[in-house]
Every structure is written in structure tokens, then in C-alpha cells.
Amino acid sequence: SAVISQKPSRDICQRGTSLTIQCQVDSQVTMMFWYRQQPGQSLTLIATANQGSEATYESGFVIDKFPISRPNLTFSTLTVSNMSPEDSSIYLCSVRWDGQETQYFGPGTRLLVL
Amino acid sequence: QKEVEQDPGPLSVPEGAIVSLNCTYSNSAFQYFMWYRQYSRKGPELLMYTYSSGNKEDGRFTAQVDKSSKYISLFIRDSQPSDSATYLCAMKRRAAGNKLTFGGGTRVLVKP
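Residues numbered from 1 in each chain as written. Chains lettered and ligands numbered in written order. Predicted model: local features only at pLDDT ≥ 70, side-chain atom pairs only at ≥ 80, totals over all residues. Heavy atoms only, no water.

## What to know about the state of the cysteines
All names here are of chain A.
Moving on, step 1. Using the criterion set out here, one finds two disulfides over all chains in the structure.
Moving on, step 2. A disulfide bridge connects cysteine 23 with cysteine 93, and the sulfur atoms are separated by 2.0 Å. Taking the torsion about the S-S bond as the criterion, the cysteine 23 to cysteine 93 disulfide, at about 65°, is right-handed. Of the two residues, cysteine 23 is situated in strand E3 (residues 19-25) and cysteine 93 in strand E9 (residues 89-96); the sequence distance between them amounts to 70 residues.
Moving on, step 3. Residue class for cysteine 93 comes out buried when judged on its relative accessible area of 1%.
Moving on, step 4. Summary of cysteine pairing: cysteine 13 is not part of a disulfide, and the nearest cysteine sulfur, belonging to cysteine 93, is at 18 Å. (Disulfide = S-S within 2.5 Å. Helix = DSSP H or I, 4+ residues; strand = E, 2+ residues; numbered from the N terminus. Buried < 20%, exposed > 50% of the residue type's maximum accessible area, 1.4 Å probe, protein only.)

Structural data, given as C-alpha cells:
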């Protein structure tokens, strides 16, 4: 199985600022996704990161708040913009290979907004 | 009502016991079923994957899907303290593209 890494692993940020989270995979993958896991809750899909085109956002998530890039088949970034304490959460990237239905997750980025 | 329901626990069992976990769901269109294990401060790790109904066994883990009852289960035999984690069920519809729908997770504690 591939190694999925995320940077940073955790951060404490001030409200009104932005944070960019990186996701790197050690092999090419078909699909990359970004999830949010709020305290005590399960995972919610934010968007699908499309290589070479705009991300596809789920209901309730918008590009202005969560801009996503995917410049190649092994790397993606998620930016959390104009942060508020409600953005405090774990942000996870996941990947899927062609022909598979399962997704594999990175270690997550723990974000605390003060 | 949530699409996927899962008892949050915690479920506390003695070492060596069988751990029984389950999820119920409301949408009969779910076709693909997964169980993930998530240790504290870690990302979810895929444990089991089943398609449609039936049983699947992998070592100490058995996954069951009963589509007629909209009910899935995960059994862990000979539980170990290292099995202490949160277990998440996830499901996917054939037509849903890539979206996984997760249960809320069950926290399991295996006591030595």
C-alpha cells in the first residue's frame, strides 16, 4: 500500500488567517479527497480534488472558504481561509486507485483556531 | 435521521472477548461497505471491505452484511488491548461516484 503524508500534522492559528494543508502520496493515484472530522463526530467529505481542473465541492462547502489544488497525480493542497473557531477540526486527505471502491486516509492535520 | 447510525459506545470488553460492532442504514442503494479503525490522533485505517451481502473473514476480523435488514456487523475475535480504538463503518452507493457515507464511530476499549 502507498504511504500518504500530510503537513502540518497540527497547527494553532488565529481567527481571520488562512492555513494550507499539504497531502503527498508516494505513488500516483486516480482520485484524491479532502474530509473534515469535527470533534466527537465522524468524517464529512469536503471535496474531490481533480487533477488539472477545479475541485468538486460537496453541499455546504465552497471554493472561497476551502480552495483546493491538485497539480499532479501525487499531491494536493487544501486551504482553510479566513478561519474561525468553528473551523477547529481534523482535516484528512484520502486517495483511491482506479478500479477500487475503497479509500485510504492520511494521518490528518489537527487544526485549532483561537 | 442520519443515513448511517452507529452506537458511539464506549464498548468495554475484557481481553480475549469477542467484540461485536454494528451499523444500520436507511438507504437501500448502498452497495459497498467498509470498516475503518481509527486510533487516537491517527487517520482511519481500512480493515474490511465487502460488496453487497454476505460474510468476509480476515484473520480475527469478520464482516457481515445483511442488506434485507440494512444492517452490517464487524466481529473481532480474541480481542487484544491493541484493538482499543474507534471503529467507523462507511458505505457507498454505486451511483454516488466517490462519496463515502460514514457512521459516527464506536469507541472500543479492550481491558487487559
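## Side note on unusual backbone geometry
Moving on, step 1. The omega torsion of the bond from A:Lys7 to A:Pro8 falls at -10°, within 30 degrees of zero and hence cis.
Moving on, step 2. Within the secondary structure layout, A:Pro8 lies in the loop between strand E1 (4-7) and strand E2 (10-13).
Moving on, step 3. Residue B:Pro10 is bonded to the preceding B:Gly9 through a cis peptide linkage, with omega at 10°.
Moving on, step 4. Secondary-structure assignment places B:Pro10 in the loop between strand E1 (4-6) and strand E2 (11-14).
Moving on, step 5. The phi torsion at B:Arg41 lies on the positive side, around 65°, for a residue other than glycine.
Moving on, step 6. Note on placement: B:Arg41 falls in the loop between strand E4 (30-38) and strand E5 (45-51).
Moving on, step 7. The backbone of B:Asp78 sits at a positive phi, close to 45°, despite the residue not being glycine.
Moving on, step 8. Its location among the elements puts B:Asp78 in the loop between strand E8 (71-76) and strand E9 (85-93).

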